[in-house]
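Report on the structure
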Amino acid sequence: MKVFVPAGYKTKRSLRETEEAIRDIRDIFQIELAEKLNLLRVTAPLFVKKSSGFNDNLNGVERPVAFETKEEPDEDLQIVHSLAKWKRFALKRYGFKMGEGLFTNMNAIRRDEDTDNLHSIYVDQWDWEKIISKEDRTTEFLKKTVKDIYSAMKITGKRVAKKYGDIFEFPEDIYFVTSEELEARWPELTAKEREDRICEEHKAVFVMHIGGKLPLTGKPHDLRAPDYDDWKLNGDLLFWNPVLKCAFEVSSMGIRVDEEALKRQLTLTDTLDRLELPFHKMLVNGELPYTIGGGIGQSRFCMLLLKKAHIGEVQVSVWPEETVKECEAGGIQLL
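Residues numbered from 1 in each chain as written. Predicted model: local features only at pLDDT ≥ 70, side-chain atom pairs only at ≥ 80, totals over all residues. Heavy atoms only, no water.

Quick look at the sheet that holds strand β3 (residues 66-67)
The strand order β2-β4-β3 describes an open sheet built from three strands, whose pairing is antiparallel. Of all strands in the sheet, those bounded by a partner on one side alone are β2 (47-49) and β3. Where β2 and strand β4 (residues 77-79) come together, three bridges link them in antiparallel fashion. Among the inter-strand pairings, F47 is bridged to a residue of β4, identified as I79. (Pairing = 2+ DSSP bridges. Helix = DSSP H or I, 4+ residues; strand = E, 2+ residues; numbered from the N terminus.)

Some points on the pattern of salt bridges
When their charged atoms lie close together, side chains carrying opposite charge are able to pair. Evaluated as defined, the whole model comprises 25 salt bridges. D24 is the salt-bridge partner of R23, the closest N and O atoms lying 3.0 Å from each other. In this structure R23 comes out as partly exposed when scored by relative accessible area, which is 43%. Of the charged contacts, one joins K154 and E172 as a salt bridge, the two residues approaching to 3.5 Å between their closest N and O atoms. Remark: E172 occurs in the loop between α3 (139-164) and β7 (175-178) and K154 occurs in helix α3; sequence separation between them is 18 residues. With relative accessibility at 17%, the residue K154 sits in the buried group. What you see here is one network of salt bridges that share partners, running through K87, D127, E129, D229 and R256. (Salt bridge = Lys/Arg side-chain N within 4 Å of Asp/Glu carboxyl O. Buried < 20%, exposed > 50% of the residue type's maximum accessible area, 1.4 Å probe, protein only.)

What about the packing of helix α1 (residues 15-37) against helix α8 (residues 298-305)?
The interhelical angle for the contact between α1 and α8, taken along N-to-C directions, is 115 degrees, at an axis separation of 10 Å. Crossing of α1 against α8: the hand is right-handed. In contact with I22, I25, R26 and F29 of α1, α8 contributes Q298, S299, F301, C302 and L305. Among the residues forming the contact of α1 with α8, the class breakdown is six nonpolar, two polar and one charged. (Axes fitted to C-alpha atoms, helices over the stretch in contact; angles between N-to-C directions. Left-handed = near helix turned anticlockwise from the far one by under 90°. Contact = heavy atoms within 4.5 Å. Nonpolar A, V, L, I, M, F, W, Y, C, P; charged D, E, K, R; others polar.)

A word on the nonpolar core
Counting residues in each nonpolar core, the largest one holds 57 residues, and the members touching the most others are W128, M153, F170, F206, F239, I296 and F301. Where this core is concerned, the elements lending two or more residues are α1, β6 (122-131), α3, β8 (204-208), β9 (229-241), β10 (246-256), β11 (291-297) and α8. Top element by residues in this core is α3. It accounts for nine residues. The next biggest cluster of nonpolar side chains, apart from the first, holds 22 residues, and it includes F54, L83, M106 and L262. (Core = buried A, V, L, I, M, F, W, Y, C linked by side-chain atoms within 4.5 Å.)

Examining the packing of aromatic side chains
With the rule as written, the count across this model stands at eleven aromatic pairs. Seen in terms of ring centroids, Y150 and F239 are 6.1 Å apart; in terms of plane orientation they differ by 25 degrees. Their pairing is stacked. Of the two residues, Y150 is situated in helix α3 and F239 in strand β9; the sequence distance between them amounts to 89 residues. For the pair Y150 and F239, one class covers both residues: buried. (Phe/Tyr/Trp six-rings, centres within 6.5 Å; stacked < 30°, edge-to-face > 60°.)

Read these as geometric descriptors, not functional statements.
Put into structure tokens, the structure is as follows:
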């Protein structure tokens, strides 16, 4: 079954009230995020040329939606999966300086997504990126940035609660843990089960070290493209979802690869051929700044705050007919 309906679930707000709350959450949070991280809002592409190497490969198996134009029939254009690489290039091209960054409203289509309560083929997120020094490529700097983002989330929650009442309450602090520590604690569990356990225990968790193989199982905690995050300096921001009773990812972020990390991770994934792409050549040649960045799911964040059971309650997408029927029967109002 693709839809899980919590026992006794009933949406608390009408469709119009939900849309008003979504508007306020987005307006408040992006202002707070920009102030905390010193970011400027910029426009961003919906699609990029395949030959540019800018598109995000995600886990390496997802197929981008592609098309060509009559002006360039031999050039494939791809709907973005995310803007992880484009943002880094934009920081250089737009003349951003050390300590400055950008954010944008990113819209993407992920055609191979398995849809359920948390996943849609339509993805909307705040994509952000900030220039840092090489000396800032540390776990301590990563944690500080996570805390700044968490602070923006808590402020948003408090302001929205004053107007809309019953919403998700953020824990006072966020708990940091590595994927290796989770594996050592619960070696018999899957990665997802470990996330459920740690989130139920600490409520707000940042799991670090995503992408590399773990020492006990030899498997990564989760798959991650080898050419944007440094797998030793990244992580996922998770919460315990009180409605769905599970770990709930809202953001993925990290310090981006430098020249050494890029070559190391491309070697590990047998994808050294990417070094021939324009973006990767610029990175290896030292033409791009060192950065930290990530994506924060807009619909995920709204879903968490408003205590919704299905992501379709806070975004408009296309769902299988079976999903629509199950949601209607379970009192879930899809937009």
